[in-house]
Amino acid sequence: GENVEQHPSTLSVQEGDSAVIKCTYSDSASNYFPWYKQELGKGPQLIIDIRSNVGEKKDQRIAVTLNKTAKHFSLHITETQPEDSAVYFCAAFLSGSARQLTFGSGTQLTVLP
Amino acid sequence: EPEVTQTPSHQVTQMGQEVILRCVPISNHLYFYWYRQILGQKVEFLVSFYNNEISEKSEIFDDQFSVERPDGSNFTLKIRSTKLEDSAMYFCASRAQGAGEAFFGQGTRLTVV
């Protein structure tokens, strides 16, 4: 089955700096890679996703890159703000199937004011 | 905006008791999932459900667990005889046909005492 590795497990940045979280996946058939933000006591919220036919996607301060050959994908947050502080999970999925999302282990991002 | 709703938000139960966690997925979605998250750990897949049957389940989803879609709107997770180690946040998620995006509910915090 799919295995997703995520690092770092914790990340502290100064407000205004950039944050990068990296994931690798094992199943080359996976073709959909969402990122979720989880705030304390809440469920995961989808913040951005990328499909395997695209190398990069950007939405305001958030971007995701995908290297299919290396089976790596990364989340980039620029101009970080205190409200970006949360746990971020990457996931991999075979879109169009009944398969489940496989999550990474999560990154606790802390943005220091 | 449509959302996945879960009830109750918090459930405390005695060890050995049965609990039913309830979910109302987004109305036009066809794939349904239960995940759990032990405090401070990653989101773990339990089971996926499609076309009125289980399509995939993890090793966590043993005989004490069952899922049901008793009517057109609800999706339930039953734990027959709860154990202390079942204490966790349980998340329901749903997904539309063909789409990769899975939407999560806010979760039910289950505490087994």
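Report follows, based on the coordinates. Each chain carries its own residue numbering, running from 1 in the written order of its sequence. Going through the entries in the order they are written, you letter the chains from A and number the ligands from 1. Where totals are concerned, whole chains, interfaces and linings use all residues; where local detail is concerned, this predicted model gives features only for residues with pLDDT of at least 70, and gives and counts side-chain atom pairs only at 80 or more. With hydrogens and water stripped out, all remaining heavy atoms of the structure feed into the side-chain values.

A short note on the pattern of salt bridges
Criterion for a salt bridge: a side-chain nitrogen of Lys or Arg within 4 Å of a carboxyl oxygen of Asp or Glu. Across all of its chains, the model carries 6 salt bridges over all chains by this definition. With its nearest N and O atoms 3.5 Å apart, the salt bridge here joins E101 of chain B to R51 of chain A. With E101 of chain B in the loop between β9 (88-95) and β10 (102-104) and R51 of chain A in strand β5 (residues 45-51), the pair connects residues from two separate chains. Given the relative accessible area of 31%, R51 of chain A is considered partly exposed. The closest approach of N and O atoms between D84 of chain A and R61 of chain A, which form a salt bridge, is 2.9 Å. A run of H or I in DSSP becomes a helix once it reaches four residues, and a run of E becomes a strand once it reaches two; helices and strands are each numbered from the N terminus. Any residue under 20% of the maximum accessible area for its type is buried, any over 50% is exposed, and the rest in between are partly exposed; the area is computed with a 1.4 Å probe on protein chains only.

Some points on the state of the cysteines
Here, two cysteine sulfur atoms that lie within 2.5 Å of each other are counted as a disulfide. Throughout the structure, instances matching the rule amount to 2 disulfides over all chains. Disulfide partner of C23 of chain A: C90 of chain A, at an S-S distance of 1.9 Å. Around the S-S axis, the bridge from C23 of chain A to C90 of chain A shows a dihedral of about -100 degrees and counts as left-handed. Here C90 of chain A lies in strand β9 (residues 86-92) and C23 of chain A lies in strand β3 (residues 19-25), a separation of 67 residues in the sequence. One disulfide bridge connects C23 of chain B with C92 of chain B, the sulfur atoms lying 1.9 Å from each other. Here C23 of chain B and C92 of chain B share a disulfide; its torsion about the S-S bond, -65 degrees, makes the bridge left-handed. Pair noted here: C23 of chain B is in strand β3 (residues 19-24) and C92 of chain B is in strand β9, with a separation of 69 residues, a long-range link. Here C23 of chain B and C92 of chain B have matching classes, each one buried.

A few points about the interface of chain A and chain B
Residue contacts are defined here by distance: any two heavy atoms, one from each residue, within 4.5 Å place the two residues in contact. Taken together, the contact pairs 24 residues of chain A with 22 residues of chain B. Counting across the chain A and chain B interface gives 1 salt bridge. In protein, a polar contact requires one atom able to donate a hydrogen and another able to accept it; more generally it is a pair of N or O atoms within 3.5 Å, and residues adjacent in sequence count only if both atoms are side-chain atoms. Viewed at the interface, chain B and chain A are joined by 7 residue pairs in polar contact (both at pLDDT 80 or more). Among the elements of the structure, β4 (32-38) and β5 of chain A are those that each provide at least two residues to the side of chain A that touches chain B. Here the side of chain A that touches chain B takes 4 residues from β5 of chain A, the largest share from any one element.

What to know about the sheet that holds β3 of chain A
Residues and elements named next belong to chain A. Ordered by their spatial adjacency, 5 strands build an open sheet running β1-β3-β8-β7-β6, and the pairing between neighbours is antiparallel. Either end of the sheet is taken by a strand with one partner, and the two such strands are β1 (4-7) and β6 (56-59). For this sheet, the mean angle separating the axes of adjacent strands, direction not counted, is 15 degrees. Sheet topology note: the strand β7 (residues 62-67)/strand β8 (residues 72-77) ladder contains 6 bridges and is antiparallel. For T65, the partnering residue across the bridge sits in β8 and is S74. The rule for pairing is simple: two strands pair if DSSP sees at least two bridges between them. Axes here refer to lines fitted to C-alpha atoms; in helices the fit is confined to the stretch in contact. Angles between the N-to-C directions go from 0 to 180 degrees.

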